[in-house]
Each structure stands twice: as C-alpha cells, then as structure tokens.
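Structural description and commentary
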Amino acid sequence: MKTDANQTVQMLQSILNVALSLQSAIDELKGGGGSKSVPAGLNSELEHAPRARGEPLLTDQQRRICEQVINVFETGTIAGKYGAISIYNDGPNGIRQITYGRSQTTEYGNLRELIEIYASAGGQYSDQLRPYVPKIGSTALVDNQAFKNLLKSAGNEDQVMHDCQDVFFDRRYFQPALRWAGENGFSLPLSVLVIYDSFIHSGGILGFLRERFSERPPAQGGREESWISKYVQVRHDWLSSHSNAAVRASSYRTRDLLREIANGNWDLSDLPFKANGTLVYGHSAEREAPPAGDILHIVSGGGDYGDAA
C-alpha cells in the first residue's frame, strides 16, 4: 500500500510539473512571471527580483512548522482541512468566490488547476468533477451546491485528493516562496515562514509594502533579520488598518510573526509556535476529522489580499 501511495504522489508530481511548466511559459509570453494567480491589478504590485542564491535549507521539522502554521492560519487546524470551503467577496471586482482546501486556493485563482490535477489522477470523484474543470474561473460556481458538495466529499473522503493538494500547495506556493527567498539571500527558517505566509495570503511579496521601508534584502547587502522585521511590521500595519473588515481580521498572522521575531525565534526551535492560539510543534500530524459543514466561513471581503483572508 505504501508503494502504491508513493507511486501516486510521483505521478501527481509529474502531472503538476507539466502544468507548471506550461503556466510558466504562458506567464513569460505574457510578460508576467508571478507564481500565483491573483486579482486583477495585483500582479503589478509583486516584487520580482533576479536570481541570486540557492534556496534555503530547512530540516523536516522546520518545514512542517512552516506548513502547519499556515494550515492553522488558513483553516484553524494543524493538518489542514482538505474539504474546507470558504466564501469571500474577493474575486475579480469584489465578486463572491469559493476558496477551497488545506491551504485555501480560490475559484478565480488556482482552483481550476487543482481540480484538473485531481480529475487526471483517477480519484473517487474525478469523473464527477471533470466536467466542471473548464467552467472554473470562467463561470461562477459559488452558488452551485452540487459542485461544492463534490469538493467537500473529495477533500474529506478521498486520499487521492489529499495527495493532490499536498503536491499542489507545495509546488504552487511553497516552492516559489523558497525560490524567492533563495534569490534574495534569505536563509533563516522564520524568514521562510514569513515569505511563505505572504505568498499564500497575498500572492507574493507585495511591492507597495516593500516600498515603505529602505532596508535592502540580504542578496543586495542588507541584514536579513532587519528586512524581515520591517516587512512584517509594514504588512501588519497594512492589514490591521485595512478598510475591509475581513482583511483586518487576518492581522493575527502578522501579530504572531512579530511575536516570534521579537523572541528571536529565527530557527523555529522555541516551541510550541502559537499560531492564532493553536500550539504547533512540527510533529508529523495525523489526518484530522473533516469539518462538520461544507462552508467554513462566509464573509464580505475585498479583492486585494490574495487567496485567503
């Protein structure tokens, strides 16, 4: 059984590698290069730096801490809720949209890619979800209860969907965050967590926030701890003073990161990490029980803060 699971993950990685290669080529042709689909107008705010250094190295525990903290920030659980669905008014032009999965990807962001991977992987609900693939992101599905029920069932019941999401969130968000960190000379585990959180929550390192402080990144001669401290502070100020209540509510993320920075927990060894009240140790987590309902959150929101609030 273990061999079969490993083969499934390898197959999913191959499928996603092809998808990401195609997307990279499309982005390049368009003059883009962003690692994540974000609401219209936000791509111009992302900071794209030239390649500089190798990616930072994390221990298995440090990587799990990063993933588990983000899982808590996104779904309130260490393992993440693979069938979790939220509804936010953060689609193009502020329209309502579905956010879904362990680390929450959006209907008008990368949900289509995730479901296309799952449909190709032969999961329990692949045949039923396949017809929705061309509709995701082009036809509003936020009120399509049949579609949402299928997402919920696949996430809660099918190990193939769990494997798809693990590969998808790693390749679509965590690896690009690691590359950005490496290109700009960041190597400390807490720095990686800060950057990963910004990629998940805001689509990348936001240029307009970067312009609010003068510290240079390490690859350009700056001090790593100083850059990270200042970036998290300006991001916290932005989130906590935002006109949108849902965005303001998400400032617990930067509050917790600022606490760890103040404590000097740069190697993430001072445990537990308290993520919005949940204690994170970086242990290998068991799969958690599925959520009781098929909607985790329904809030009003703007369209300027990425895949989750």
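Residues numbered from 1 in each chain as written. Predicted model: local features only at pLDDT ≥ 70, side-chain atom pairs only at ≥ 80, totals over all residues. Heavy atoms only, no water.

A few points about the overall build of the protein
For the record, the criterion: Helix and strand definitions here come from DSSP, where helices need a minimum of 4 consecutive H or I residues and strands a minimum of 2 consecutive E residues; each element is numbered from the N-terminal end. The classification of residues rests on relative accessible area computed with a 1.4 Å probe and restricted to protein chains. Under 20% of the type maximum is buried, over 50% is exposed, and intermediate values are partly exposed. Note on contacts: a residue pair is in contact if any heavy atoms of the two residues lie within 4.5 Å. We get accessible surface area from the Shrake-Rupley algorithm with a probe of 1.4 Å; when it comes to residues, only the shown protein chains can shield them.
A tally of regular secondary structure across the protein gives eleven helices and six strands. By the burial criterion, 54% of the 309 residues in the protein qualify as buried. Residue pairs in contact within the protein that sit at least 24 positions apart in sequence constitute 70% of those at least 6 positions apart. Accessible surface for the protein amounts to roughly 13100 Å². Of this, 47% is attributable to carbon and sulfur atoms.

What about the environment of Ile85?
In this structure, Ile85 sits in strand S1 (residues 85-88). Residue class for Ile85 comes out buried when judged on its relative accessible area of 0%. Each C-alpha atom, one on Ile85 and one on Asn149, is 9.7 Å from the other, the two residues being 64 residues apart in sequence.

Details of unusual backbone geometry
Here Leu271 and Pro272 are connected by a cis peptide whose omega angle stands at 5 degrees. With respect to the helices, strands and loops of the structure, Pro272 is situated in the loop between helix H11 (252-262) and strand S4 (273-275). Of note in the backbone geometry, Asn93 takes a positive phi value of approximately 60 degrees without being a glycine. Structurally, Asn93 is set in the loop between S1 and strand S2 (97-100). Classification of Asn93 by relative accessible area gives exposed; the value is 83%.

Notes on the confidence of the model for the protein
Any region with low pLDDT has predicted coordinates that should not be read closely. Note the cut-off: Note on scores: pLDDT gives the predictor's confidence for each residue, bounded by 0 and 100.
On average, the protein scores 82 in pLDDT, and the residues at 70 or more come to 75%. Per-residue pLDDT stays below 50 along residues 21-52; that stretch engages in 53 contacts with residues further than four places along the chain or on separate chains. Across residues 286-309, where pLDDT falls below 50, the model places 83 contacts with residues more than four positions away in sequence or in other chains.

Re the nonpolar core
Put simply, the test is: We define the nonpolar core as a collection of buried residues of types Ala, Val, Leu, Ile, Met, Phe, Trp, Tyr and Cys that are connected through side-chain atoms lying within 4.5 Å of one another.
Formed by 70 residues in total, the largest nonpolar core has its most connected members in Ile98, Tyr100, Ile115 and Leu129. For this core, the leading source of residues is helix H6 (residues 159-183), giving eleven residues.

What about the pattern of salt bridges?
The test is simple: By definition, a salt bridge exists where a carboxyl oxygen of Asp or Glu is found within 4 Å of a side-chain nitrogen of Lys or Arg.
For the structure on display, the rule yields 15 salt bridges. Among the salt bridges present, the one from Glu215 reaches Lys230, with a minimum N-O distance of 3.7 Å. Of this pair, Glu215 sits in the loop between helix H8 (207-210) and helix H9 (224-240) while Lys230 sits in helix H9, and the two are 15 residues apart along the sequence. Relative accessible area serves as the criterion here: at 17%, Glu215 is assigned to the buried category. Salt bridges here are not isolated pairs; linked through shared partners, they connect Arg63, Glu67, Asp170 and Arg171.

What to know about the packing of aromatic side chains
Applied cut-off: Aromatic contacts are taken between Phe, Tyr and Trp rings whose centres are within 6.5 Å, Trp giving its six-membered ring; a plane angle under 30 degrees counts as stacked, one over 60 as edge-to-face, and the others as tilted.
Scanning the model with the defined rule gives twelve aromatic pairs in all. Between the aromatic rings of Trp180 and Trp227, the centroid separation amounts to 5.9 Å while the plane-to-plane angle is 45 degrees, which identifies the pairing as tilted. One end of the pair, Trp180, is in helix H6; the other, Trp227, is in helix H9, with 47 residues separating them in the sequence. No difference in accessibility class separates Trp180 from Trp227, as the two residues are buried.

Some details on the packing of helix H7 (residues 189-202) against H9
To keep it simple, the criterion reads: In this analysis an axis means a line fitted to C-alpha atoms, helices contributing only their contacting stretch, and an angle means the value between N-to-C directions, from 0 to 180 degrees. By definition, turning the near helix anticlockwise from the far helix through less than a right angle yields a left-handed crossing, and turning it clockwise yields a right-handed one. Note on residue categories: nonpolar means Ala, Val, Leu, Ile, Met, Phe, Trp, Tyr, Cys or Pro, charged means Asp, Glu, Lys or Arg, and polar means any other residue, Gly included.
Two elements in contact, H7 and H9, have axes separated by 10 Å at closest approach and are oriented at 30 degrees. Where H7 crosses over H9, the handedness of that crossing is left-handed. Across from Ser191, Val194, Asp197, Ser198, His201 and Ser202 in H7, the residues of H9 making contact are Glu224, Ile228, Tyr231, Val232, Arg235, Trp238 and Leu239. Of the residues assigned to the contact of H7 with H9, the class counts are six nonpolar, four polar and three charged.

Describing the side chain of Glu260
One can find Glu260 in helix H11. You can call Glu260 buried: its relative accessible area is 4%. For Glu260, the residues in contact, after removing those within four places along its chain, are Leu190, Asn265, Asp270 and Phe273.

Considering helix H5 (residues 145-157)
So the rule is basically this: Expected span of a helix: the number of residues minus one, times 1.5 Å. Pairs of N or O atoms are called polar contacts if they sit within 3.5 Å, as long as, within protein, a hydrogen donor faces a hydrogen acceptor (for residues adjacent in sequence, only side-chain-to-side-chain pairs).
Here H5 contains 13 residues, and its C-alpha end-to-end distance of 18 Å stays within 8% of the 18 Å for a straight helix at 1.5 Å per residue. Phe147, Lys148, Leu150, Leu151, Ser153, Ala154, Gly155 and Asn156 are the residues of H5 that are buried. For H5, the secondary structure elements touched by its buried residues are S1, S2, helix H3 (111-120), helix H4 (126-129) and H6. Here H5 starts with a cap whose side-chain oxygen sits 3.2 Å from the backbone nitrogen of Ala146, and that cap is Asn144.

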